[in-house]
Amino acid sequence: MTAQPDKYAVFGNPIKHSKSPAIHAAFAEQCGQHLHYRAVRVELDDFARSARCFFASGGKGLNVTVPFKQEACAFADTLTARARRAGAVNTLSLGADGTIAGDTTDGIGLVRDMVANLGWQLQGRRVAIIGAGGAVRGVLEPLLSERPAALLIANRTAARAEELAEAFASLGPVRGGGLELLEGLEVDVLINATSAGLSGEMPALPEIQLTVRSCCYDMLYGAEPTPFMRWAAQNTAWAVADGLGMLVEQAAESFYRWRQVRPATQPVIARMRHLLAAA
């Protein structure tokens, strides 16, 4: 008899358009791993019960997306240092002793895509992030570990950005403020962490000075360039990228935590790009 595949899933709401099952299926095929991964829509008030049932029924690991990352943090028995600092978890793993470990792989995914895949340099450069939501909280520690000259968080509501900067100030040169924080500044790496592009809108931006070596990254992705990406190209950014590579890289880190095998991500990024274009 063939052994049943190990069970994994991603919990979210909404979840219908998740690319995670296709990504993890590609990883499993590439690495010869016997597993099944599915997307599960969880009711907004039912995360903890659903997660308990998943693990009680033999589940080995969960990915967690919006709006449950903070609840996943509370659900985990143990947390990595980066997950504790971020206050959010996107990866839950069942340990041999039956405990559930929580981690956040979003920031690692972002940095690996920028540095390893795209060849961008973060060390010694002025990095700016537009937005101060949960997506930002999860990426600050890995970004600061790259030792930028400055990391600036600009948000419509200055207090949220200032609070984030204060929480991570011990890790490096980070400042937060309103959008005016970036007014007139030359920025080497500009990251859009807002959701404006989901509705086809351009995020609110101050008068930012892009240089001939500026790189612009949108955490969103799609078959077509986002409004932010189009703006960056029109303002002669040296390099422009979307968040598809981040999505695949954070998934690869989760896969590694679960299976102790690190998949090659470039073929999977290329496959997902092809699927997006064909959709």
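Throughout what follows, the structure given in this document is the object of discussion.

Rules of the game
Here the residue numbering is sequential within each chain, running from 1 through the sequence in written order. Per-residue local features of the predicted model are confined to residues with pLDDT of at least 70, and side-chain atom pairs are confined, for both listing and counting, to 80 or more; whole-chain, interface and lining totals are unaffected and use all residues. Excluding hydrogens and water, the side-chain figures rest on all heavy atoms present in the structure. Here a cavity means grid points, on a 1 Å grid over the protein atoms only, where a 1.4 Å probe fits yet cannot get out; a pocket means an open set of points with protein on both sides within 12 Å along at least five of seven lines; lining residues are those with an atom within 4 Å of a point. Grid points are joined across faces, edges and corners, and a volume is the space filled by probe spheres set on the points. Under the DSSP-based scheme used, a helix requires at least four consecutive residues in state H or I and a strand at least two consecutive residues in state E, with every element numbered from the N terminus. Residues are grouped as follows: Ala, Val, Leu, Ile, Met, Phe, Trp, Tyr, Cys and Pro are nonpolar; Asp, Glu, Lys and Arg are charged; all remaining types, including Gly, are polar. Note on geometry: axes are C-alpha line fits, over the in-contact stretch for helices, and angles between N-to-C directions span 0 to 180 degrees. For classification, angles of less than 35 degrees are called roughly parallel, those exceeding 145 degrees roughly antiparallel, those between 65 and 115 degrees roughly perpendicular, and all remaining angles oblique. Crossing handedness is defined as follows: a turn of the near helix away from the far one that is anticlockwise and smaller than a right angle gives a left-handed crossing, while the clockwise case is right-handed. Residue contacts are counted whenever heavy atoms from the two residues lie within 4.5 Å of one another. What is meant by a nonpolar core is a set of buried Ala, Val, Leu, Ile, Met, Phe, Trp, Tyr and Cys residues, joined one to another through side-chain atoms within 4.5 Å. Relative accessibility under 20% of the residue-type maximum defines a buried residue, over 50% an exposed one, and the middle range a partly exposed one, all with a 1.4 Å probe and only protein chains included. Within 3.5 Å is the distance limit for a polar contact, defined as a pair of N or O atoms, with the added protein rule that one can donate a hydrogen and the other accept it, and that residues adjacent in sequence qualify only through two side-chain atoms. Strand pairing follows a simple DSSP-based rule, namely that at least 2 bridges must link the two strands.

### What to know about empty space enclosed by the protein
- Inspection of every chain in the model, using the stated rule, returns 2 cavities of 30 Å³ or more.
- Volume-wise, the largest cavity comes out at about 40 Å³.
- Elements that contribute at least two residues to the lining of the largest cavity include exactly α4 (81-86) and α7 (140-145).
- Of the residues belonging to the lining of the largest cavity, the class tally is 5 nonpolar, 2 polar and 4 charged.
- Of the volumes computed, that of the second largest cavity is approximately 40 Å³.

### Section: the packing of helix α1 (residues 20-31) against helix α10 (residues 244-259)
- Where α1 meets α10, the closest approach of the two axes is 10 Å, and the angle between their N-to-C directions is 55°. When the interaxial angle is binned, α1 and α10 end up oblique. Judged by the twist between their axes, the crossing of α1 over α10 is right-handed. Where α1 approaches α10, its residues Ile-23, His-24, Phe-27, Ala-28 and Cys-31 are matched on the opposing element by Leu-247, Val-248, Ala-251, Ala-252, Phe-255 and Trp-258.
- In the contact of α1 with α10, the residues fall into 10 nonpolar, 1 polar and no charged.

### Focus: the nonpolar core
- With 29 residues, the main nonpolar core has Leu-110, Leu-143, Ile-153 and Ile-191 as its most contacted residues.
- Secondary structure elements with two or more residues in this core: α5 (106-117), β7 (126-130), α7, β8 (150-154), α8 (158-167), β10 (186-192), β11 (209-218) and β12 (239-241).

### Describing the side chain of Thr-91
- Structurally, Thr-91 can be placed in strand β5 (residues 91-94).
- Within polar-contact distance, the side chain of Thr-91 engages the side chain of Asn-63 at 3.5 Å.
- Excluding residues that lie within four positions of it along the chain, Thr-91 makes contacts with Leu-62, Asn-63, Ala-101, Gly-102, Asp-103, Thr-105, Ser-254 and Trp-258.

### Some remarks on the sheet that holds strand β9 (residues 174-177)
- Spatial ordering of the open sheet is given by β9-β8-β7-β10-β11-β12, a layout of 6 strands whose pairing is parallel. The two strands at the open ends of the sheet, each matched to only one other strand, are β9 and β12. Each strand axis lies, on average, 20° off the axis of its neighbour in the sheet, ignoring direction.
- Taken together, the 5 bridges between β7 and β8 define a ladder with parallel strand orientation. Looking at β8, one finds that Ala-128 is bridged to Leu-152.
- Where α8 meets the sheet, its contacts fall on β8 and β9, and the angle it forms with β9 comes to roughly 165°.

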